[in-house]
Each structure stands twice: as structure tokens, then as C-alpha cells.
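Letter by letter, the chains look like this.
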Amino acid sequence: LTADFREDGDSRKVNLGVGAYRTDEGQPWVLPVVKKVEQMIANDNSLNHEYLPILGLPEFRANASRIALGDDSPAIKENRIGSVQSLGGTGALRIGAEFLRRWYNGNNNTATPVYVSAPSWENHNSVFMDAGFKDIRTYHYWDAAKRGLDLQGLLNDMEQAPEFSIFILHACAHNPTGTDPTPEQWKQIASVMKRRNLFPFFDSAYQGFASGNLDKDAWAVRFFVSEGFELFCAQSFSKNFGLYNERVGNLTVVGKNADNVQCVLSQMEKIVRTTWSNPPSQGARIVATTLSSPQLFDEWYGNVKTMADRVLLMRSELRSRLEALGTPGTWNHITEQIGMFSFTGLNPKQVEYMVKEKHIYLMASGRINMCGLTTKNLDYVAKSIHEAVTKIQ
Amino acid sequence: SSWWSHVEMGPPDPILGVTEAYKRDTNSKKMNLGVGAYRDDNGKPYVLNCVRKAEAMIASKKMDKEYLPIGGLADFTRASAELALGENSEAFKSGRYVTVQSISGTGSLRIGANFLQRFFKASRDVYLPKPSWGNHTPIFRDAGMQLQAYRYYDPKTCSLDFSGAMDDISKIPEKSIILLHACAHNPTGVDPRQEQWKELAAVVKKRNLLVYFDMAYQGFASGDINRDAWAVRYFIDQGINIVLSQSFAKNMGLYGERAGAFTVICSDADEAKRVESQLKILIRPMYSNPPVNGARIASMILNTPDLRKEWLTEVKGMADRIISMRTQLVSNLKKEGSSHNWQHITDQIGMFCFTGLKPEQVERLIKEFSVYMTKDGRISVAGVTSGNVGYLAHAIHQVTK
């Protein structure tokens, strides 16, 4: 998709398939706090390029998990959490998956079902498959007809799932639908999972980026912790720190007691050692430095809010234009959905029209990246969607 | 009740665990001869000047942080291939190779092992030299391969058991995989001579083996990058389509930045494209795409003539210091009055030295002298300085007299 966009010579072209934040000028954005901290790191002559420990930079690990679980997390206070610095969110998922395949629900039980939402980030399937799981299933999630969460379908799948199945849950800003359960719905989900002994594996790639508020975006994970679950949470700092190519991620492990968690970490070390030995230093240093300084933390929070607010603005502007144009259908889902992505509801034929006739690039699923919208292209995109919906059935 | 009650405490990593034990030791005379990280003559980590310059150049360009392609930074992968194969290499010029960026040497081996497991259907057997780097075995095993061994190190002479190696290799079932250390064998420091490499090439060709070269020390062994890559280049010239893992951890001091590469020499450019597509399919569910920092630094150095020249000088400097420490260790052992033959210390090459010390002697060195090394008697010569070589010789003499 990106390659086709690059080669397109039309001056009106818009890339709504990009997977990264863009400014209102359509440019990548290195966060100001990141620039500042990189300069600090460059000027610090006491730093070198020595190996990090296998599990990663200690200051990074502790801060990263603290961000996910909250300063006042009972799990942190009770010392029953562990962290593994990983190569992005993908790396965290993979280490967690490899560990679960070896040690969860027996030893090397490749038959344990793994449930991925329908739809989900397409790489989820591959991560668990390559980790050795043989039975990867979907759970109902997106209701195309009502353009929202199919809660009943989801809960039914959880009721029917074999005991001990693993469920990949999106902590916030579901990719690709942008549709999250409400707190009430999360409570229902947690209740079923507890009763049926299902394992929650959270994927948290957008904390802060979704609502602009770190605590709000972590509500689901923290709720599950407060309900006494043992869980994994794969965190990515690609989006909320804009550190995409530095591969900064963290696998947070929440257990029942400190000893168990230490055993888990020691086995995760073995897995890390045969995967990448030890993680890259640069991105972890940037995040650790930022999170451990109150001043830099505040600056970062401001940068995150800048990104989240721009996305929210684009959502509201796109919706209001479509409604003003009288585009057939309802468009409230554009502002009700959250995060980088939106499932517009456009069908494949309409998407084809957008790409071929209007030079607006989006996924065949109708998914758009709100970051591709700018004040300059909003009108054109809105008009094009209007055309697609009215001309093509 | 917990899901994890039955999870056993894993043993500390044999190599990295040494550093962790060293850090806990309060003895002021302690020496860390465990992990293979270069130290200057003050025992301090050494950030290469060319690395600092490259970092400054990169910072001034104010680049963005967008995802790299799955296969990594193109300028880096191309330069890595050229460094290993040589700019005049037919394989390089014709494009009948694919190189993907990897998470240093380990990540490269992991990609390689997984690739072979998936696509090399002829055999599950990987033949390692005896001994080999401790992490080779679990990497290949986790990928679903089986480990076998060929004779390599002769503990009686502390040098290469060439006839044993040739004997074993000539009996390896056809189409098995054989792993060779390109230079500065880890852990022994024992490398074949060029004449011996020629014979090895002939026998692996005769047995129709898939050759996997692990090159983690190019430049670091002899101080000359071309000399250290000689075996790799010779094999390719002999028509052997090797696979290759490279690391820039040691030769550029980029340890924690995780800069490495995995290369497959193919029949033609078209095959290379197909292999590349499959490597990407392997990489994506592991970590999506690789980290930029180390690759940018390495690329800047390799592709900027002045920096490259400076790098070659600095690599030679590191190699030379190690060679001089070997010499000083031997002369100090003589001064201590040791009657043993320590010639292997100067015959061996690269960062590591297989001292020949037995596990009980190693244990005494750790406990009584706070000299840390791995149980196999391997020392990282890089951890030896003119300031502590006397103490080391004294300690070794005490446990071996």
C-alpha cells in the first residue's frame, strides 16, 4: 500500500494506510522531549555501548511496568510483578507467547487454544503460531452491522472456550477497529474470564495515545490486576514515544507472589538468550530517562496529549464534514472510536474507488489511519468518502 | 493458586552469569575475564572514536524514527555483505545474495536456525565444532534442529585437532549442516591455517554439506578484516553457497546496540529475492523490524571513507593490544616460575583463550583470587591489562603448580 502511494504522481494523494503518527503537515514527528533526552544522552560521557542485562535496562523495566500498572498498583507494592525489556510490542508478545507455550497449562502444551479478536492486528496470529501454538482461534469482536462491539458474541465465545484458553485482549484503541469495551463491558469480560479460568494477555500499544490520558488508557489492565488475575501485558513505546525504529517494548508479568514471578523471569531469560541475547540500549535509555524525571515526564505527557488531541480533532472534523454533506449512513462511529485507527465501514468496492479514482490509500477492510488526515486534506477526503458511498453500493 | 507454581528457577546463564557474579564481588583485585567485551588498558569499556564521530554525524542529520523495513537498513545490509564478501566478490557484484539486518550475532543465528528449520528439508542435523560458543546449542535446539559435533580442539596440545576434524567431517552424512567459526574461534581461539581451510573446503564440498559460517570477530582476530574473512571468501570462491552470521558487537564496540546481519549466498538474484521474502516472514512475528541505532552507526562508518579508515586502524589497535597481553601473560607465567607449556596462549587468536585450566582450578581462581572466567577455562584476553596481567599470572600459577 505504502509503495503504491509513493509511486502515485497525483498531487491530491492521501495516505490513510500509514501506521505511524503524522503532524498536520503530514510529516513524521520526533517528540520534542525525545530530542532533548537524546541530546542529554549524547552529552553524557559516562555512557557507553556495553551490553544491557538479558532482561534489559533495570530503570527502563521498572518505569515501563509502573506506567502500565499505575504508581499505586497493589501488584507492584506486593512485589509480584516482573518486566522483560523487549524489541517493541511485537518482541514482548513473542517472548510472552514462547513462555506460555513452554510453561502454561502444562509443559510445552502447544494445544492450548489461543484466541485472537476478529479482526485483529494480523501479526498476532503469526506471533503465536511461530511460538508453537497449534490451535489459534478467533473470538467475536467487531459487529459490522451495528459498527460496534459484538459484546454478546465475545462473551459467548469466552463461555464456550476450553478452560485455560489464552485470550489476546487489546488494552485500549483496538487495532484495527478503534472500538473498545466500556468499563462496564470490561467488568463483564473479566467476570467470565475469571469463572472460566481464561488467561488474559493484554496488548497495550497505545497507552496515552488513545485518550491523551495514561491512566484512562490503562484502566482495563489495572482492573484485571485488581481482580486478582495473573496476566501478561505486552507494551509498546513505538507510538506514545514516537520511537518506532528504536524497538522499545516491555513485557509486564503480574503473578500471585514474588517467588513465582522470579522463576518466570528466569525462564524468560533463557528464551531471550536464544532470541536476541539482550535488548538494544538506545530506546530504553530515552524512555527510562524521561519517565524517571518528573519534569521530563510532564513534557512527555504534553507531547503525548498533542498527538492524541490532533487525532481527536481530525475525528471530529471528519465526522462533522460527512454529516454536513449528508453522506448516507451514520458517522458517529468516527468519533466514538478511539486511537489511531477507524473502521470506516466502507466496503472493498468503495475502498477500491477511493484508491483508484481519488488516490486516497486505505486498507481493503475500510480501516483508515486518522493520522493521515490534515486540515488541508480533510475536505477532499470527506468529499471522496461521500462520492464513494453514494456512487458505489 | 498460581499458574506458575511449577515453573522451575532457571540456572544463571553460564557466560553472562559470570559478569553478574563478578559485579557482586567486593575484592578490589577482582578481574572479569568472562564475557567477551573489549576493555582498554585501563580495564575500561572502549567507545571507538569512529563510533563517536558517526554518532555526531547522525545526530546532525536530524533523522526521523520511522520504522525500518523488516529486512533492515539497506545501506547497512549492503555494506555488511560487502565487508564479509569483499568488494570484488562475484557473489556480491552479481547480487546473488540476500543480507538482512539482525539483532547482533545471536539474532542472526536465530534467524538462520529458524530459516534452516523451515526450508532446509534435507536434514535436521547441525554439526558444531567441539567445543563451540555455549549459546549455539540452545539457539539451534529452540529452532527445532538437532545438534551433533565434530572434533575440533585437542586438549592435549591446546590447539587444532585437524586430523580428528577431517576424519569426523568426512563421515558427516551428506546434506547435513556444518557450522564453522570464520575466525577467532570461540571459546578456544584456535583457528585453522589457510592450508587447512582449503582441505576443509574440499571435504565439505565432497560431503555436500550446507556450510554455516559464524563470523563475530572480523578484524578483531588478526587486525586485518580481509585476512579474517579469508575462509568465508575462499569457500564462496570454491562454489560453496554458504549462509553467514555477522556481528558488529566486538569489532565496532556496538555491543548493546545489537548490530548484526544474516546472509544467504544464492544461485542467482531471483533466488535471493525469494529467500529474502521468506526471511521477512520469519522476522515479522519475532520483533517486526530491527532497531536502527547500531545499524546507522555501522553504516555511517562503513560507507564514509574517512571513518572506515579510522575504524580499520582502531580495530587493529584492539587486536594488537590483545596480542600483546597474550605475550605478557606468557612471560609473566614464566617469571612466576611455571613449568607448564603456555605457548598456546600466544598461538591462539582473538578475544578468547582456552587456558587448559580444569573446572576445579577455575573454581579456585574465582573463589580464592576473584578471577572470573567460564568453567571451561576460557578467558577473555580483552579483560587483561598491563596493570593486572601480573596478578593473573600469579593466580594461574598458584592453581596449576
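- Chain B is annotated in an unreviewed UniProt entry as Aspartate aminotransferase of Pardalotus punctatus.
- Quoted straight from UniProt, the Sequence similarities (unreviewed entry) entry for chain B says "Belongs to the class-I pyridoxal-phosphate-dependent aminotransferase family."

- In the annotation of an unreviewed UniProt entry, the entry for chain A reads Aspartate aminotransferase, and the organism field reads Pardalotus punctatus.
- Check the Subcellular location (unreviewed entry) section of the UniProt entry for chain A; it says "Cytoplasm".
- Quoted verbatim from the Cofactor (unreviewed entry) field of UniProt, the annotation for chain A is "pyridoxal 5'-phosphate".

1. Description of the interface of chain B and chain A
Right, so step 1: If you look at the interface, chain B gives 60 residues, while chain A gives 63 residues.
Right, so step 2: Overall, the association of chain B and chain A removes approximately 5,300 Å² of surface from exposure, summing both partners, and the carbon and sulfur fraction of that is 53%.
Right, so step 3: When the buried surface of chain B facing chain A is broken down by residue, B:Trp3, B:Trp4 and B:Lys65 rank first, second and third, together holding 18% of it.
Right, so step 4: Here chain B is connected to chain A by eight salt bridges.
Right, so step 5: A:Asp130 is the salt-bridge partner of B:Arg118, the closest N and O atoms lying 3.0 Å from each other.
Right, so step 6: Counting every contact that joins chain B to chain A gives 35 residue pairs in polar contact (both at pLDDT 80 or more).
Right, so step 7: Secondary structure elements with two or more residues in the side of chain B that touches chain A: helix H2 (49–61), helix H5 (104–119), helix H6 (136–142), helix H11 (269–287) and helix H12 (292–303) of chain B.
Right, so step 8: Here the element with the most residues in the side of chain B that touches chain A is H11(B); it accounts for six residues.
Right, so step 9: Of the residues assigned to the side of chain B that touches chain A, the class counts are 30 nonpolar, 14 polar and 16 charged.

2. Here we look at the packing of helix H13 (residues 294–325) of chain A against helix H16 (residues 378–391) of chain A
Residue and element names in this part refer to chain A.
Right, so step 1: Where H13 contacts H16, the axes come no closer than 9 Å and their chain directions differ by 45°. Between H13 and H16, the crossing angle belongs to the class labelled oblique. H13 and H16 meet at a crossing whose hand is right-handed. In contact with Met 314, Glu 317, Leu 318, Arg 321, Leu 322 and Leu 325 of H13, H16 contributes Leu 378, Asp 379, Val 381, Ala 382, Lys 383, Ile 385 and His 386.
Right, so step 2: Among the residues making up the contact of H13 with H16, the classes are represented as eight nonpolar, one polar and four charged.

Cut-off values and rules
Residues numbered from 1 in each chain as written. Chains lettered and ligands numbered in written order. Predicted model: local features only at pLDDT ≥ 70, side-chain atom pairs only at ≥ 80, totals over all residues. Heavy atoms only, no water. UniProt positions renumbered as here; feature names shortened; annotations may be inferred. Contact = heavy atoms within 4.5 Å. Buried area = accessible area lost by both parts, 1.4 Å probe. Salt bridge = Lys/Arg side-chain N within 4 Å of Asp/Glu carboxyl O. Polar contact = N/O pair within 3.5 Å; in protein donor to acceptor, adjacent residues only side chain to side chain. Helix = DSSP H or I, 4+ residues; strand = E, 2+ residues; numbered from the N terminus. Nonpolar A, V, L, I, M, F, W, Y, C, P; charged D, E, K, R; others polar. Axes fitted to C-alpha atoms, helices over the stretch in contact; angles between N-to-C directions. Parallel < 35°, antiparallel > 145°, perpendicular 65-115°, else oblique. Left-handed = near helix turned anticlockwise from the far one by under 90°.

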